[in-house]
Each structure stands twice: as C-alpha cells, then as structure tokens.
Protein chains: 2
Amino acid sequence: MQNGLNEDLEVTRRGTRAVRVGGVIVGGGAQVSVQTMNRSNCDDVEGNLRELVLAAKAGCDIGRMAVPNVKAASFFGKVAAASPIPLVADVHFDWRTALAAINEGAAKVRVNPGNMGRDGLARLSDAAGAAGIPVRIGVNSGSVLAPGETADDKARVDVMVRRTLEWAGILSNFGFRDIVLSFKAHNVRETVLANRLAAERCPYPLHVGVTAAGRGGLALAKSAAALGSLLLDGIGDTLRVGFTGDLEGEARAGVEILRALELRAAGPEVIACPTCGRTRGDLAGLVAKVEELTAHIRAPLRIAVMGCEVNGPGEARAADIGVASSGGVFRLFRRGVVERRLAPENAAEILAAEAEKLALDYGGDE
Amino acid sequence: MQNGLNEDLEVTRRGTRAVRVGGVIVGGGAQVSVQTMNRSNCDDVEGNLRELVLAAKAGCDIGRMAVPNVKAASFFGKVAAASPIPLVADVHFDWRTALAAINEGAAKVRVNPGNMGRDGLARLSDAAGAAGIPVRIGVNSGSVLAPGETADDKARVDVMVRRTLEWAGILSNFGFRDIVLSFKAHNVRETVLANRLAAERCPYPLHVGVTAAGRGGLALAKSAAALGSLLLDGIGDTLRVGFTGDLEGEARAGVEILRALELRAAGPEVIACPTCGRTRGDLAGLVAKVEELTAHIRAPLRIAVMGCEVNGPGEARAADIGVASSGGVFRLFRRGVVERRLAPENAAEILAAEAEKLALDYGGDE
C-alpha cells in the first residue's frame, strides 16, 4: 500500500525500523513524538530541569541538551536522572564526550558525524550498542559542506542526503543499526525534498523539522507547511519545531501540528502508573472513571492517576493535575505539589472537576 | 513533467485554466493569490472599506463580502467601487442577488450552488459571462449533504467532490467555463484529500483553505499544514486562511504561508503606475533607484511610486508608503495620506529611509 493519506482519510506511515528513546518508541509505526532542546547553560542543572518540565507539560515527549565537553557530561547526568522525559545528549566533535554522556544515562545521542570522524563513530557505535540506545545522525544543510566547499541549493540537498547515508552505512557496517536520521534546512523546500529522498533510500526513522525558522507566525508557517507535507505523505517519525529562544512555544507548536494532522489526539491524556504491590484499591476503575468524566475536555491536559505516593507525584511531574493513592486515601497534586486529601469515593469526581477548571486556562484554541 | 516539488527545488504547478478577478489572474500558473472575507455588516460601507484596506496592507490580493439579498447589493457596489483590491460577492440561495451583485461591479461571484438550483445557475452563468467575471463554486464539507442525509468522513469527501464537479459540469454545459472550485473541510485531511481528488478530475483553478480552523496556533498549524502539503504538490491557485474574527491575522497568515513555501517573495514590493501623459520626469529611474535602495529590507512592505497626484495616493491606498509626482515635486504619502513635499533629487533616498523605518515595525519575523 502506498504511504501517505489514503481515501479512507488514514495516513499510512512509511515502514521504518523502531528504536527506543527511554520509554518512547521512535519509528516502526509508533505515534510521532515531539522533541525540543534546552537553552540553559549545561552547568545550570535547575534551569535545565525547569525547561524539561515546561516542555513535558507542553506535550513534548523527548528533551535534548547540549553536552559540549566531557566535564559537562556530569551535569547532563544530573539533569537526565531527574528529567520527566527521556533526555538526548547533543554532542559534536568529540567521541569521548559522547561516551561520557552515554555513561551518564543519555537516552539517545545526537551527533553530526561530519565533525567526529570514522574512528569516533566506531567508538560511539560500540558504546551506544552496549548501552542499548540509538544514535541520531543529525545534519543541517548549513553544516554539510566542508569549509570552502560550495554547492547550489539543489546540489546541497543531494550532498546532504548522500553523505548522511554514507555515515549511516559506516555505523551499520559496525553492526549498529539503531539509527535515526535528520535532514534540516532553513527553508521548507529543501527540508521536504531531503526527507523525501532519504525516505526512499533508507529504512531508518526520520526526525523531521525546519532549522532556524525564526519565530512568530512565519516560523510556525514554515514548520507546519514542511511537516504537514511530509507527515501526510507518511514521512517522519519524530519531530522538532525550532523557534528562536522559545522552548515552550516550540514544544506546543509541535503538538499543535500533530493535532492539526490528527496524528495526536486532542483532549486530556490520562497518565496512570502500571500499578504494583503498593497499589491499594481499584486504580484501573478510577482511571476509567476519570477518563469518562474528562472525555468532553478538548484541552491537551495531562491528568495523572498514580497508585502510591512513593513515585506518584514525582513520576507525574509532567502532569497538570493528578491523584496519588496513599494509605487508603488519595492526595490531589497539581504540577507535582501535593495539595489536599480526597476520599476514594469522590476522588474521580473532584479530579475531573479540577481538570475542567484547568482546561479553561487553555482558552479558545479549539 | 510531474506536478509538485522537483529535484531543482522548483514547484511545478498543476496546469489549470486562468481566470481574471479584477486585475488579479487566478490559475494558469499565475502567482498564488491571497484572499480574505470581510466581517462588517453589509450596510456598513466605511467598516467594509476599512477592512479591505487592512487586508490589502497585510498583503491580501482579493477581498470578499457577503451579499445576503438584492437590497444589500447596492452597499456592495459602493464598497467595490472604492476597494483597494478586487471584491468578490458571496451569495447564497438567490440568483437574483448574484445578478444584482454582478450589476454592482463584483469581480467574481462565489456561490454554493447546492442552494441555488439549476435555473439559478443558468441565470448566473449568463450574467457572469456577459460581465466577463468568474464564478467560484465554493463547497464546505459541512454543507454538502442535504438535511437528514448522512455520510461518514470518507464518503463525505467523495460526495463533496463529485457533486461540485457536477455543478461545474452544469455551468460548463451552459458554455460558461470561468470557474474556480473550492473544497473546504474543518480538518486538514479532508481538505487535502478533496483537493487532490479535484485536481485529478478537472482543469479548473482551485481556491484552497481549511474552514472553521478557529484561531491561534492550532488554526495556523492546520492551515499551513494543509496548504503546505497541497501547494508543494503544485495544487492550489488562490488561498484563504480563515481565523475566527481576525481578518488582518488571516490575511497575514496567508502571505506568511506563501512566503514559507517561497511562493511569494519576501521583502518590499514596489508598486509603480504604468506612467501616462501626466507623468513628468524619469519615473522609471526613480522606481529603479527605490528598488535598489530598499532591496535589503525583508519586511513585506508595499512601496508606491506614482507618476501623478490625480490617482497616485488613491490608487496606492494599499501601500505602506509612497510618493506621487505633482507639478515637478513629489509628495510623500503614508497609507493614502499626503504628508510632505520632496525635491525630485532626493525623493528616492527619503522614500527608502522612510520604508526602512516602517520595516522596523514588522519586527524580527525573519
């Protein structure tokens, strides 16, 4: 069956290998995930965590942080350990830094292998393979040519795709295949063409986005136009919208583009723990009731229903609101802070009512 | 050659018939034009004109105004006569109203022929043909089914396209072929699919857009995603973005989507009159100099250079700034209002400097 939008109004996604980024599957038909990248300095652990919480609340699935050198990797480790969403290490030039970041718990490493070399790629693929994490070869059209090398726009797209596939081939020859590729240009046409060419020529999941789109209406228009074209053709497994200096805005825009394409459900998402030995009472029943009572809400709230107070509020930091069971009662928490106790009999009703109040904050987006 | 984005990063547009809406060509490979629709009451001539000036300044090429009944057509006529851009009459139910609007100078008539009937279409096509104006058959997915009739989403797209082409066939059988078609759904997938089907099945230019997109980021994401997909595939000859209650925003968004797709040039547009017997001095030289001096500006300003003060400020109402020659000197005008005299020797420099100041108002969109 042909990829893309079919006459049943379904989008047949291009078949790709699946890789795992923390708890998020990328490729293989999994829901298209939204990524963003932190702006805080690497040594500002609190600042980085604040950004990741903001991103997660905006609906972002995967975060990313630059790791400029080996020393920075320990800060990365602190942030990754406390992050509400899987954290990718963005590494350039130095395979030692990449290895240090993997050691510190990176859920994925993004490299631009043009500046890492074949030996570095060998070390990286060994370490990533041992850690069971994927590598993204992320190329921007601006960085694909060597200094002094020139090419017109058309040739640049071809060079970008060809070289990136060569790098992927090198990793693959090392026996490493948990590869994600990205091809970003600062304009819609190059971005779309490069991803179309790559989609024809390789089985790897594609991370899609326009680079240096700026901000404001034109930036959103560029990203939505490129991603609309690609995703409706079934191309793209994870995305990042990039807005100059606006992490929350870009995360929200990524989600909005997926909602616009009906690739992400509107309305609340009820996050529930899998339950364990600490769980008391009928958590699944509570989840079902909360889902029923909030089904009419159109705002993209995250509502958590957690079985215990050990990990409940902590694991659900990304939630707007939630309850965690605790010794026979529930505790209502809002953005990670416990507010009050609820009796089990009316926990669902009160949680739904609080969610409804929060939904009003999202305003008339619909 | 296949339609759409090719490996030279050019978009090959689908071949369509060309029609003329006032001075704007729609279809036949002409630049994709941006439309909007007034919100003012029909009898509020001043309000309608204010909206059209706003729209034109935002880069909109064609306006539209609802004409609910025959009586309203005279108000439409007053607005059309003074509008800075061609004005389309939006008519439902009653062919008499459509004829009255044509009589009053409509540059195009938009109908939803499901509520006009075959006899009405016959009268309409006669009148539009005599006036030399096109007719848009504009169908929304919400209005395509008769009361009580139901269909699932997929069937609705098929019904929408099939019935609209039947109506186009009726007009064509009457010998009238200056037809534009539109297929708008409130979601991206239906909009894209309907236009793809229509593009395969007919030679008429397509007016593309998502209906009832709401407003804010999600609305822009929906419109840009749908139009990005269609326009990069070479489908779409004129567009309207619809934002709830925000005419200026929707006009600007339409322009931004075209700029994002590189289907409309960024930067200033120098509007110049064709020159005539009233022209004194070297107007073409002045135009060239102004173009040179403003070439670095990225804001989508409209700069007018007019040869006389008879029509200069009036015809250039849509311009942000301009000069009109008058008895050996130039008069600088801003948004249609004459401000001061300039000596011919430095008119280009002063106009460019004023344009530069205005460009700053557009902010960091790039």
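Please read these numbers as outputs of a predicted model, since none were measured by experiment.

## Observations concerning the sheet that holds strand S9 (residues 135–140) of chain B
Neighbouring strands of a sheet are bound in pairs by backbone hydrogen bonds; such pairs are parallel or else antiparallel.
Residues and elements named next belong to chain B.
Here's step 1: Strand order in the open sheet formed by eight strands is S5-S12-S11-S10-S9-S8-S7-S6, with parallel pairing between adjacent strands. Unpaired on one side and paired on the other, strand S5 (33–35) and strand S6 (63–66) mark the two borders of the sheet. Each neighbouring strand pair of the sheet contributes to a mean axis angle of 25°, computed without reference to strand direction.
Here's step 2: In terms of strand pairing, strand S10 (residues 179–184) meets strand S11 (residues 206–208) through two bridges, oriented parallel. Residue pairing in the sheet places Leu181 in a bridge with Leu206 of S11.

## Here's the deal with the interface of chain B and chain A
Here's step 1: Contacts between chain B and chain A engage 40 residues on the former and 40 residues on the latter.
Here's step 2: On the chain B side of the interface with chain A, the three residues burying the most area are Leu9, Arg189 and Leu218 of chain B, jointly 24% of the side's total.
Here's step 3: Linking chain B with chain A are two salt bridges.
Here's step 4: Of the charged contacts in the structure, one is a salt bridge between Arg196 of chain B and Asp233 of chain A, with a shortest N-O distance of 3.3 Å.

## Here we look at the relation of the copies chain B and chain A
Here's step 1: For the pair chain B and chain A, the superposition axis carries a translation of 0.0 Å, the fit reaches an RMSD of 0.1 Å, and the rotation angle comes to 180°. Taken together, the rotation and translation describe the operation of a two-fold axis.
Here's step 2: Most of the interface of chain B is mirrored in chain A, where 100% of its interface residues again form contacts.

## Thoughts on the packing of helix H7 (residues 216–232) of chain B against helix H8 (residues 247–260) of chain B
Residue and element names in this part refer to chain B.
Here's step 1: Look at H7 against H8: their axes get within 10 Å of each other, and the N-to-C directions meet at 40°. As far as their axial angle goes, H8 and H7 are oblique. Seen from above, H7 lies across H8 with right-handed handedness. Between H7 and H8, the residues in contact are Leu220, Ser223, Ala224, Leu227 and Leu231 and Ala253, Ile257 and Leu258, respectively.
Here's step 2: In terms of residue class, the contact of H7 with H8 is made up of seven nonpolar, one polar and no charged.

## Some words on the domain arrangement of chain A
Residue and element names in this part refer to chain A.
Here's step 1: The domain architecture assigned to chain A consists of domain 1 (4–260) and domain 2 (269–362).
Here's step 2: Each of domain 1 and domain 2 has a C-alpha centre, and the two are 32 Å apart.
Here's step 3: Each partner contributes to the interface: domain 1 provides ten residues, whereas domain 2 provides nine residues.
Here's step 4: Each partner contributes to the roughly 740 Å² buried at the junction of domain 1 and domain 2, and carbon and sulfur atoms together form 46% of this total.
Here's step 5: Scanning the region where domain 1 abuts domain 2 turns up one salt bridge.
Here's step 6: Linking Arg302 and Asp61 is a salt bridge whose minimum nitrogen-to-oxygen distance equals 3.9 Å.
Here's step 7: Linking domain 1 with domain 2 are zero residue pairs in polar contact (both at pLDDT 80 or more).
Here's step 8: Among the secondary structure elements, those contributing two or more residues to the side of domain 1 that touches domain 2 are helix H1 (45–57) and helix H8 (247–260).
Here's step 9: When residues in the side of domain 1 that touches domain 2 are grouped by element, the largest group, three residues, is from H1.
Here's step 10: Here the residues of the side of domain 1 that touches domain 2 sort into five nonpolar, one polar and four charged.

## Quick word on the packing of helix H7 (residues 217–232) of chain A against H8 of chain B
Here's step 1: For the pair H7 of chain A and H8 of chain B, the least separation of the axes is 8 Å and the interaxial angle reads 55°. With respect to H8 of chain B, the element H7 of chain A is oriented oblique. Of the two possible hands of crossing, H7 of chain A and H8 of chain B adopt the one that is right-handed. When H7 of chain A is examined against H8 of chain B, the residues Gly217, Leu218, Ala221 and Lys222 of chain A are found in contact with a partner set consisting of Glu256, Ile257, Arg259 and Ala260 of chain B.

## A look at the pattern of salt bridges
Residues and elements named next belong to chain B.
Here's step 1: For the structure on display, the rule yields 40 salt bridges over all chains.
Here's step 2: For Asp237, the salt bridge goes to Arg14, with nearest N and O atoms at 3.9 Å. Here Asp237 is found in the loop between H7 and strand S12 (238–240), whereas its partner Arg14 is found in the loop between strand S2 (11–12) and strand S3 (19–21), with 223 residues between them in sequence.
Here's step 3: The class for Asp237 is buried, based on a relative accessible area of 2%.

## Quick look at the state of the cysteines
Here's step 1: Counted by the stated rule, this structure contains zero disulfides over all chains.
Here's step 2: Summary of cysteine pairing: Cys42 of chain B is not part of a disulfide, and the nearest cysteine sulfur, belonging to Cys60 of chain B, is at 18 Å.

Conventions and cut-offs
Residues numbered from 1 in each chain as written. Chains lettered and ligands numbered in written order. Predicted model: local features only at pLDDT ≥ 70, side-chain atom pairs only at ≥ 80, totals over all residues. Heavy atoms only, no water. Pairing = 2+ DSSP bridges. Helix = DSSP H or I, 4+ residues; strand = E, 2+ residues; numbered from the N terminus. Axes fitted to C-alpha atoms, helices over the stretch in contact; angles between N-to-C directions. Contact = heavy atoms within 4.5 Å. Buried area = accessible area lost by both parts, 1.4 Å probe. Salt bridge = Lys/Arg side-chain N within 4 Å of Asp/Glu carboxyl O. Least-squares fit on C-alpha atoms with pLDDT ≥ 70 in both. Parallel < 35°, antiparallel > 145°, perpendicular 65-115°, else oblique. Left-handed = near helix turned anticlockwise from the far one by under 90°. Nonpolar A, V, L, I, M, F, W, Y, C, P; charged D, E, K, R; others polar. Domains from an automatic or database assignment. Polar contact = N/O pair within 3.5 Å; in protein donor to acceptor, adjacent residues only side chain to side chain. Buried < 20%, exposed > 50% of the residue type's maximum accessible area, 1.4 Å probe, protein only. Disulfide = S-S within 2.5 Å.

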